[in-house]
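Results of the structural survey
Now for the letters of each chain:
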Amino acid sequence: MSLVPLKILFGKVIQMADSRQIDIYSAGCAVCENAVNMVKEMVCPSCQITIKDMSDDAIANEAKRLGIKSVPAIVIDGRLADCCNAGGPDPQALRAAGVGVPLS
């Protein structure tokens with residue numbers, strides 16, 4: 001992911017990614033596959049998707065560090081989507097978090 005200058009704020013150059021990273025933590029079950037398909041239908045050219053297999057110990061440890069307690073879980077730019085803390089992936093909440101919204 002490359003970075004481009006965005007603006008100067010408080011005397012520092014703030015940089016913003018030219019893409020949004022979306023990580024989907026999945027156990028490979030039908031519910032997880034539905035979440036993967038939902039996100040795939042929502043994305044835009046600014047979105048980069050990675051599907052993370054929770055059967056991999058390193059991925060499971062990564063998920064634990066992010067506060068993931070159940071799957072499917074969606075992390076957008078390193079932050080667990082709010083809807084994944086309360087009942088699972090929700091299209092409206094993901095859209096509000098930027099999924100499928102092009103970066104300027």
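Here the structure is shown first, and the text comes after it.
How each quantity is defined
- Residues numbered from 1 in each chain as written.
- Predicted model: local features only at pLDDT ≥ 70, side-chain atom pairs only at ≥ 80, totals over all residues.
- Heavy atoms only, no water.
- Pairing = 2+ DSSP bridges.
- Helix = DSSP H or I, 4+ residues; strand = E, 2+ residues; numbered from the N terminus.
- Contact = heavy atoms within 4.5 Å.
- Axes fitted to C-alpha atoms, helices over the stretch in contact; angles between N-to-C directions.

Spatially, β4-β3-β5-β6 is the arrangement adopted by the four strands of the open sheet, whose pairing is mixed. A strand with exactly one partner marks an edge of an open sheet, and here the two such strands are β4 (47–53) and β6 (79–80). Pairing of strand β5 (residues 73–76) with β6 involves two bridges; the strand directions are antiparallel. By the bridge assignment for β6, I76 is matched with R79. Seen against the sheet, helix α1 (residues 30–42) touches β3 (20–26), β4 and β5 and runs at an angle of roughly 165 degrees to β3. Lying over the sheet, helix α2 (residues 57–66) contacts β3, β4, β5 and β6, oriented at roughly 115 degrees with respect to β3.

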